[in-house]
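Fold and geometry: a report
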Amino acid sequence: MTQALDAILEIFTWVGFGAAVVLGIVAVVVWASDGSWLAAEAYLDEDGRTLRWIDSEGDVNSAPLDESDRSRIGADHTAKIWYRHGWHDRMRFTRRPPALNILTGLALGGATLGIAATVASIIVFFVRS
């Protein structure tokens, strides 16, 4: 029974730390490849389906709104957006991509599993002594 517990804790340690390293590397790649995004104040057009904003170069940009995104527009028909620096008509409502939050959470979860399994293994080792 004790050998099985040791093997399970060892597997959880390797899986947890391995997942943390792999998902952490993927998260860094996603973060680095995302590019630069700058904040701007966007205004809803008269048609109610298009957002317009002025970028850092003074150009006017526009992007169509989905039905799900209309709830993010305030009562004064403005919204804080993030637009892609150097590109035209690309925007989103969050600074970082949602996939980055998921990858970061999974990497932290893997690290937590690895740490918990390591601590449990050390505790089991000293309890047996």
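As a reminder, the structure under discussion sits directly above these lines.
As a starting point, this report considers the structure included with it.

The rules behind each value
Residues numbered from 1 in each chain as written. Predicted model: local features only at pLDDT ≥ 70, side-chain atom pairs only at ≥ 80, totals over all residues. Heavy atoms only, no water. Phe/Tyr/Trp six-rings, centres within 6.5 Å; stacked < 30°, edge-to-face > 60°. Lys NZ or Arg CZ within 6 Å of the ring centre and 35° of its normal. Pairing = 2+ DSSP bridges. Helix = DSSP H or I, 4+ residues; strand = E, 2+ residues; numbered from the N terminus. Expected span 1.5 Å × (residues − 1). Buried < 20%, exposed > 50% of the residue type's maximum accessible area, 1.4 Å probe, protein only. Contact = heavy atoms within 4.5 Å. Core = buried A, V, L, I, M, F, W, Y, C linked by side-chain atoms within 4.5 Å.

1. Things to note about the packing of aromatic side chains
- Tallied over the entire structure, the rule returns one aromatic pair.
- The residue whose ring lies beneath Arg90 is Trp87, and the NZ or CZ to ring-centre distance is 4.9 Å.
- Sitting over the ring of Trp37, Arg92 keeps its end group 3.8 Å from the ring centre.

2. Looking at the sheet that holds strand E1 (residues 37-44)
- A sheet is described by the order of its strands in space; here five strands give the open sequence E3-E2-E1-E4-E5, paired in antiparallel fashion. What marks the edges here is a single partner per strand, and that holds for strand E3 (60-64) and strand E5 (91-92).
- Sheet analysis places E1 next to strand E4 (residues 78-84), joined by seven bridges and oriented antiparallel. Residue pairing for E4: Glu41 is matched across the bridge by Lys80.

3. Examining helix H1 (residues 2-33)
- With 32 residues, H1 should cover 46 Å at 1.5 Å per step; its first-to-last C-alpha distance of 46 Å lies within 8% of that length.
- Residues of H1 that are buried: Leu9, Thr13, Gly16, Ala20 and Ala27.
- Its buried side turned inward, H1 meets helix H2 (98-128).
- Trailing H1 by a residue or two, Gly35 shows a phi angle of about 85°, which is positive.

4. Focus: the nonpolar core
- Counting residues in hydrophobic clusters, the biggest one holds 12 residues: Ala40, Ala42, Leu51, Trp53, Ala63, Leu65, Ile73, Ala79, Ile81, Tyr83, Met91 and Phe93.
- Listing elements by their share of this core, those giving two or more residues are E1, strand E2 (50-54) and E4.
- With three residues, E4 is the single largest residue contributor to this core.

Honestly, that's just the spatial picture; any functional story needs more than this.
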